[in-house]
Amino acid sequence: MPLIELQAVEKSYKMGTQTLHVLKGVSLAINQGDYVAIVGPSGSGKSTLMHILGCLDIPAPGRYVLAGQDVSKLKEARLAPIRRQHIGFVFQSFNLLGTLNAQENVALPLLYQGVNGRRQRERAKDALSLVGLGDRLHHRPNQLSGGQQQRVAIARAIVADPPVILADEPTGNLDSQSGQDLLQIFSGLNQAGRTLVVITHDAEVARHAKRVIEIRDGRIVGDREVSHA
Ligand code: ADP
């Protein structure tokens with residue numbers, strides 16, 4: 001059974017009297033352990049698709065089955081806990097809380113799950129060590145470089161052990177060396193069995209994935225395995 005399955009997903013936005021069809025029947029399946037890059041030109045519907053994959057929005061019409069559960073028609077109150085349990089997000093702009101240090105930022109998903117304070121700190125420290133920031137636990141975001149902030153965001157995404165890591169233009173705000181470091185971390189996470197879905201403009205990011213899905217004008221126009229020979 002695929003971890004992620006979209007069937008004939010559509011999405012439209014009403015703009016005054018006009019309807020803008022953004023996703024026009026997207027079907028795809030992603031298995032556990034896959035590493036998928038979703039690429040396509042600006043305006044092709046990538047962010048809209050990412051919102052659906054991340055349970056931030058629902059398809060209409062269409063079907064989304066995540067880890068065996070049909071989430072297509074759930075209201076936000078039921079969708080939010082599913083999102084927290086299943087998806088670790090990494091955003092282009094890091095989205096860290098400026099008043100919290102690295103360890104506290106990383107611990108947030110555990111706080112929502114009711115994990116006790118001591119275990120939160122231990123697991124946040126382990127996740128930060130995994131991304132090479134075991135010596136930056138008490139730094140706040142403005143005391144870290146962009147690449148380090150993105151690594152904190154990755155630690156936050158993995159700390160609660162969600163089955164899917166969903167990243168939206170994760171290298172968009174990084175210099176090339178930090179981008180390379182991030183790709184190394186992603187490859188390591190995937191080799192450890194995690195499922196990654198990365199939305200990107202960056203050809204280098206797509207080259208590191210195992211599979212590239214290309215979207216154009218709201219439709220999938222390509223789906224290929226990447227050879228790493
Ligand atoms: P991409 O991420 O590939 O650049 P998006 O999914 O952001 O594409 O956008 C696809 C199209 O949908 C664009 O033409 C955009 O203007 C439109 N769009 C996105 N979000 C909204 C919205 N909330 N309301 C109206 N139109 C939107």
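Below you will find a few notes about this structure. (Residues numbered from 1 in each chain as written. Predicted model: local features only at pLDDT ≥ 70, side-chain atom pairs only at ≥ 80, totals over all residues. Heavy atoms only, no water.)

This brings us to the site of the ligand. Every residue close to the ligand is listed here: Y13, M15, L20, V22, P41, S42, G43, S44, G45, K46, S47 and T48. In this structure, an oxygen atom belonging to the ligand sits 2.9 Å away from a main-chain N or O atom of K46. Protein contact buries 62% of the 560 Å² of open area that the ligand shows by itself. Mapped by element, the contributors of at least two residues to the shell around the ligand are β1 (4-15), β2 (18-30) and α1 (46-53). Here the element with the most residues in the shell around the ligand is α1; it accounts for three residues. Looking at side-chain class alone, the shell around the ligand contains five nonpolar, six polar and one charged residues. (Near = heavy atom within 4 Å. Polar contact = N/O pair within 3.5 Å; in protein donor to acceptor, adjacent residues only side chain to side chain. Areas by Shrake-Rupley, 256 points an atom, 1.4 Å probe, with all protein chains shown as cover. Helix = DSSP H or I, 4+ residues; strand = E, 2+ residues; numbered from the N terminus. Nonpolar A, V, L, I, M, F, W, Y, C, P; charged D, E, K, R; others polar.)

What follows deals with the nonpolar core. Grouped together as the largest cluster of nonpolar side chains are 41 residues, with contacts concentrated most on Y35, V106, L128, V152, I154, F186 and L189. If you list the elements that add at least two residues to this core, you get β3 (35-39), α3 (102-112), α4 (117-130), α5 (146-158), β7 (164-168), α6 (176-191), β8 (195-199) and α7 (203-208). Sorting elements by how many residues they give to this core places α5 first, with six residues. The residues contacting I154, other than those within four sequence positions of it, are V90, V131, L182, I185, F186 and L189. The next biggest cluster of nonpolar side chains, apart from the first, holds 29 residues, and it includes L53, L66, V71 and F89. (Core = buried A, V, L, I, M, F, W, Y, C linked by side-chain atoms within 4.5 Å. Buried < 20%, exposed > 50% of the residue type's maximum accessible area, 1.4 Å probe, protein only. Contact = heavy atoms within 4.5 Å.)

Pairing is mixed across the open sheet formed by six strands, whose spatial order is β6-β7-β8-β3-β9-β10. Each edge of the open sheet is held by one strand with a lone partner, namely β6 (87-90) and β10 (219-225). Mean inter-strand twist for the sheet, computed between neighbouring axes without regard to direction, equals 20 degrees. As paired elements, β3 and strand β9 (residues 211-216) share four bridges and run parallel to each other. Considered in β9, the bridge of V36 is made with R211. (Pairing = 2+ DSSP bridges. Axes fitted to C-alpha atoms, helices over the stretch in contact; angles between N-to-C directions.)

Our focus in this paragraph is the side chain of D168. Summarising the element assignment, D168 is placed in strand β7. Buried charge without a salt bridge: D168, with K46 as the nearest opposite-charge side chain at an N-O distance of 7.6 Å. Setting aside anything within four residues of it in sequence, one finds D168 in contact with M50, V90, F91, Q92 and I199. (Lys, Arg positive; Asp, Glu negative; His and termini not counted. Salt bridge = Lys/Arg side-chain N within 4 Å of Asp/Glu carboxyl O.)

Here the focus is α3. Among the residues making up α3, those that are buried are A102, Q103, N105, V106, A107, L108 and L110. Residues of α3 that are buried make contact with α4 and α5. Capping the start of α3, N101 holds a side-chain oxygen 3.1 Å from the backbone nitrogen of Q103, two or three residues further along. Of the residues trailing α3, G114 is marked for its positive phi of about 80 degrees.

Let us now look at the pairing of β2. Strand residues, when the strand is regular, have side chains that alternate between the two faces of the sheet. Two elements, β1 and β2, share ten bridges in a ladder whose sense is antiparallel. Across the sheet, residue L6 finds its bridge partner in β2, namely L28. Two successive antiparallel strands, β1 and β2, enclose a turn made up of two residues, where G16 displays a positive phi of approximately 65 degrees.

This part takes up the packing of α5 against α6. As a packed pair, α5 and α6 sit with axes 9 Å apart at the nearest point and diverge in direction by 20 degrees. When the interaxial angle is binned, α5 and α6 end up roughly parallel. Between α5 and α6 lies a crossing of right-handed hand. Every residue of α6 that contacts α5 at G147, Q150, R151, I154 and I158 is listed here: S178, L182, I185, F186 and L189. Tallied by class, residues from the contact of α5 with α6 come to six nonpolar, three polar and one charged. (Parallel < 35°, antiparallel > 145°, perpendicular 65-115°, else oblique. Left-handed = near helix turned anticlockwise from the far one by under 90°.)

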